[in-house]
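Tertiary structure, described
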Amino acid sequence: PTSTPFPTTNGRDRLGDNLYTESMLALNPDTGKLKWYYQFTPHDIHVWDATEPPVLVDTRYRGEDRKLLMMANRNGFFYVLDRTNGKVLLAKPFVSKVTWASGIGEDGRPILNPEGDVTCPTTAANWNATAFSARTRLFYTVAIEECMVNLASGSWKKEPPQVDPPRKYVRALNIETGKVVWEQLQIGNIEGKRDGGLLVTAGGLIFYGDPGGDFVAMDERNGKTLWHFITSGDNKASPMTYTVGGKQFVAVAIGPNIVSFGLPTGATTAPPAEIPKK
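One numbering rule holds for all chains: residues counted from 1, following each sequence as written. Local features are withheld for residues below a pLDDT of 70 in this predicted model, meaning they are given only at 70 or higher, and side-chain atom pairs are given and counted only at 80 or more; totals for whole chains, interfaces and linings count all residues. Side-chain numbers here rest on the full set of heavy atoms in the structure, without hydrogens or water.

We define a salt bridge as a contact between a side-chain nitrogen of Lys or Arg and a carboxyl oxygen of Asp or Glu at a distance within 4 Å. All chains considered together, the criterion is met by 15 salt bridges. Residue Lys 67 is joined to Asp 58 by a salt bridge in which the shortest nitrogen-to-oxygen separation is 3.5 Å. Across the salt bridge formed by Arg 137 and Glu 176, the nearest N and O atoms sit 3.1 Å from each other. Note that Arg 137 is positioned in the loop between strand 10 (131–133) and strand 11 (138–145) and Glu 176 in the loop between strand 13 (167–174) and strand 14 (180–185), a separation of 39 residues in sequence. A run of DSSP states H or I qualifies as a helix once it reaches four residues; a run of E qualifies as a strand once it reaches two. Both are numbered from the N-terminal end.

This next bit is on unusual backbone geometry. Along the chain, Leu 19 connects to Tyr 20 via a cis peptide bond; the corresponding omega equals 0°. Topologically, Tyr 20 is positioned in the segment before strand 1 (23–27). Residues other than glycine seldom take positive phi values, yet Asn 18 does so here, at roughly 60°. Classification of Asn 18 as buried rests on a relative accessible area of 14%. Look at Val 47: it is not a glycine, yet its phi comes out positive at around 65°. One can find Val 47 in the loop between strand 2 (34–39) and strand 3 (55–61). Any residue under 20% of the maximum accessible area for its type is buried, any over 50% is exposed, and the rest in between are partly exposed; the area is computed with a 1.4 Å probe on protein chains only.

So yeah, pure geometry; function would need other evidence.
Written out as C-alpha cells, the structure reads:
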C-alpha cells in the first residue's frame, strides 16, 4: 500500500488521479515490475492514505475459490480485492457516515459527491492490525466515526457547522456483503488517531487494547467481553501470540511496558463450540 500525494490537502497543483498514491500495488518480487494496481482514492485532498494493513486470505468466496486481499480503508470503505489481478469484488462503507462518495462504481472508481461544509469520515481506520477469522469468516477492524469541517468550503461565513463527537468501535464485517455483524463501542480517550490492533486466535478469541487502557479478550462470534486486564497505559500496538515449551502466551506493548499473559501451569481450556452452519 502507498501513502498520500503532496501537498496533502491542496490538489490545485497536482491535477489528475496522482498515480500511484493511496493505492495497492502488486509487484513482481524478482523484477520489481508492476503486475496490477488499484487506487482507493484518486486525487485525494483529505489525507486518506492507504497504509492500513491488508489481510490476505485464501477462501471460498461467493461460491468460488479465491485469493483475497481485504482492507478497511481510511476513506470509510471496506474493500475485498482478488489479489491475483486487483479486481474489486466488494467495496462497502464500514462507518455510518460517508459523505464524499455515494459508492464505488463497477469500474472501481468512487462515485464522488459535491464537497459540502462537512466531510465524513475524518479517518475511518488507521495503520494498526486488523484480523480475519477462518471460523466465523468475519473481518475485524477498529472503526472511527468522525467527521471534519471543510475550512475551505466558503459556504459558511461566521460559525463553522457543528459535528458530532467522535466515536470508536470494534466492528465485525461480513466479507461477502460488507454488513456489520456486531460492534462494540469503545470507552476512553478516542480523540487520537492511533488505535490498538486486533489479534484473532484459533480459540475463538479477539485480543485488543482499548482506549481506556484495558487489555481485553472478546468472543469473536458476538464481541462479548470475556476478560480484561487494567494496564492504565496508552494502547497503540497490536497484540501477538507465541509459544515457549509448548505453552502459549499473548503479549502486547502498552505504554512503556511489554505485558505477556499465559494460562497457569496445568490449566486447560475447552475447545470453542462449533459455529452452526446457516
